[in-house]
Amino acid sequence: MKNEESCNKMKVVILAAGKGTRMLPLTETIPKVLVKVKGKPFLYYVLKNLQQAGYTEFCLVVGYKKEKIKSFLEEYGFKAKLVEQKEQLGTGHALLQVKSFCGKENFISIGGDNLCSVKDFKAIAKEDDYIYVAGIHSESPEKYGVLIKDENNNLIEIKEKPKKFVGNLINTALYKFTPKIFEALEQVKESERREYELPDALTLLAKQGKVKVIKIKDYWLDLGCKEDIPKVEAFLKRLGL
């Protein structure tokens, strides 16, 4: 019951500004989060599971083909605030755009191309003063950010797409944030990709002992590239979604 109350109170930020070049040519006319899976835009399943988890207030960070997301919300009857990321300067920069929306409250964030179960969306709504990042074990950790943690589940750092094996617990882009994240993001320097990276801010806060790792208990689906579509469709079919 306590977690459901937390879900009702916490705002949710969904990062949905990217084009998704690995989804071309499907993303020539729509943003990545609207690529259809089982006949519906992927974002539909993300919002539905969040609603079922008890969340009621949503903000979408939009950019590429933002008008298509506005149309999607109207068509499917979802209500959400839209905040534009005018330049694609990374996930950290995207999150900074919602500073005024989130205010001084804790909030949840998820990448719009990632789907977790209702159970896992509920579990991330921790009411304490820690930041939480949700991880899952992967057979291909080199494709993701790997979470390095200690025995007490404190995050030590995030190794992005490591060439050597450092672990197989990967970042699922599901977070519970405190307002401290904005202070850290304002300190982050531009990366080699000329972007402001969210994992850099998390590593900064991890050094201050403010970030915990929570493991996904149920499922996590990543719509990373075209090849993922049939796998995601088959999984959703098994779930009856």
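Refer to the preceding data block for the structure.
The rules behind each value
- Residues numbered from 1 in each chain as written.
- Predicted model: local features only at pLDDT ≥ 70, side-chain atom pairs only at ≥ 80, totals over all residues.
- Heavy atoms only, no water.
- Helix = DSSP H or I, 4+ residues; strand = E, 2+ residues; numbered from the N terminus.
- Expected span 1.5 Å × (residues − 1).
- Buried < 20%, exposed > 50% of the residue type's maximum accessible area, 1.4 Å probe, protein only.
- Arc of directions from axis to C-beta.
- Contact = heavy atoms within 4.5 Å.
- Pairing = 2+ DSSP bridges.
- Polar contact = N/O pair within 3.5 Å; in protein donor to acceptor, adjacent residues only side chain to side chain.
- Phe/Tyr/Trp six-rings, centres within 6.5 Å; stacked < 30°, edge-to-face > 60°.
- Lys NZ or Arg CZ within 6 Å of the ring centre and 35° of its normal.
- Salt bridge = Lys/Arg side-chain N within 4 Å of Asp/Glu carboxyl O.
- Axes fitted to C-alpha atoms, helices over the stretch in contact; angles between N-to-C directions.
- Parallel < 35°, antiparallel > 145°, perpendicular 65-115°, else oblique.
- Left-handed = near helix turned anticlockwise from the far one by under 90°.
- Nonpolar A, V, L, I, M, F, W, Y, C, P; charged D, E, K, R; others polar.

S.K.: I'd love a proper account of helix 9 (residues 228-239), names of residues and values included.
M.R.: Because each turn of an α-helix spans 3.6 residues, side chains separated by three or four positions end up pointing in the same direction. An ideal rise of 1.5 Å per residue puts 16 Å on 12 residues; helix 9 measures up with 17 Å between its terminal C-alpha atoms. Residues of helix 9 that are buried: Asp-228, Ile-229, Val-232 and Leu-236. An end-on view of helix 9 places all buried positions within 95° of arc, on one side of the element. Seen from the open side of helix 9, the exposed residues pointing more than 90 degrees away from its buried face are Lys-231, Lys-237 and Arg-238. Buried positions along helix 9 lie against strand 2 (36-37), helix 2 (42-52), strand 7 (114-116) and strand 13 (220-222). The positive-phi residue at the C-terminal boundary of helix 9 is Gly-240, with phi of around 80°.

S.K.: Account for the pairing of strand 6 (residues 107-111), with residues named and values stated.
M.R.: Across the 5 residues that make up strand 6, a large majority, 5, are buried. Burial along strand 6 is two-sided: Phe-107, Ser-109 and Gly-111 and Ile-108 and Ile-110, pointing in opposite directions, are all buried. Sheet topology places strand 1 (residues 11-16) next to strand 6; 5 bridges connect them, and they run parallel. Its bridge partner lying in strand 6, Val-13 is registered against Ser-109. With 4 bridges connecting them, strand 6 and strand 11 (residues 169-177) associate as antiparallel partners. Its bridge partner being in strand 11, Ser-109 is matched across the sheet by Tyr-175.

S.K.: Before we move on, could you go through the side chain of Thr-172 and cite the residues and values that matter?
M.R.: The residue Thr-172 is located in strand 11 in this model. Under the relative-accessibility criterion, Thr-172 is labelled buried at 1%. Polar side-chain contacts of Thr-172 include one of 2.8 Å to the backbone oxygen of Ala-134. Excluding residues within four positions of it along the chain, Thr-172 makes contact with Asn-114, Ala-134, Gly-135, Ile-136, Ile-216 and Trp-220.

S.K.: Can you lay out the packing of aromatic side chains for me, pointing to particular residues and giving the numbers?
M.R.: Within the structure shown, the criterion is met by 10 aromatic pairs. Here the aromatic cluster, defined as three or more aromatic residues joined through ring pairs, consists of Tyr-44, Tyr-45, Phe-72, Tyr-76 and Phe-78. If you follow Lys-11 out to its NZ or CZ, it ends over the ring of Phe-101, 4.8 Å from the centre. The ring of Tyr-130 is capped by Lys-212, whose NZ or CZ atom sits 4.9 Å from the centre of that ring.

S.K.: Explain the pattern of salt bridges to me, using residue names and the numbers behind them.
M.R.: Here the structure, examined in full by the defined rule, presents 10 salt bridges. Each of Arg-193, Glu-195 and Glu-197 takes part in one network of salt bridges that share partners.

S.K.: Give me the lowdown on the packing of helix 2 against helix 3 (residues 66-76), citing residues and values where you can.
M.R.: Two quantities define a packed helix pair, namely the angle between the axes and the distance from one axis to the other. Here helix 2 crosses helix 3 at 55°, and the two axes come no closer than 11 Å. Classed by the angle they form, the pair helix 2 and helix 3 counts as oblique. For the pair helix 2 and helix 3, the sense of crossing is right-handed. When helix 2 is examined against helix 3, the residues Leu-43, Tyr-44 and Leu-47 are found in contact with a partner set consisting of Phe-72, Leu-73 and Tyr-76. Looking at the contact of helix 2 with helix 3 residue by residue, the classes come out as 6 nonpolar, no polar and no charged.

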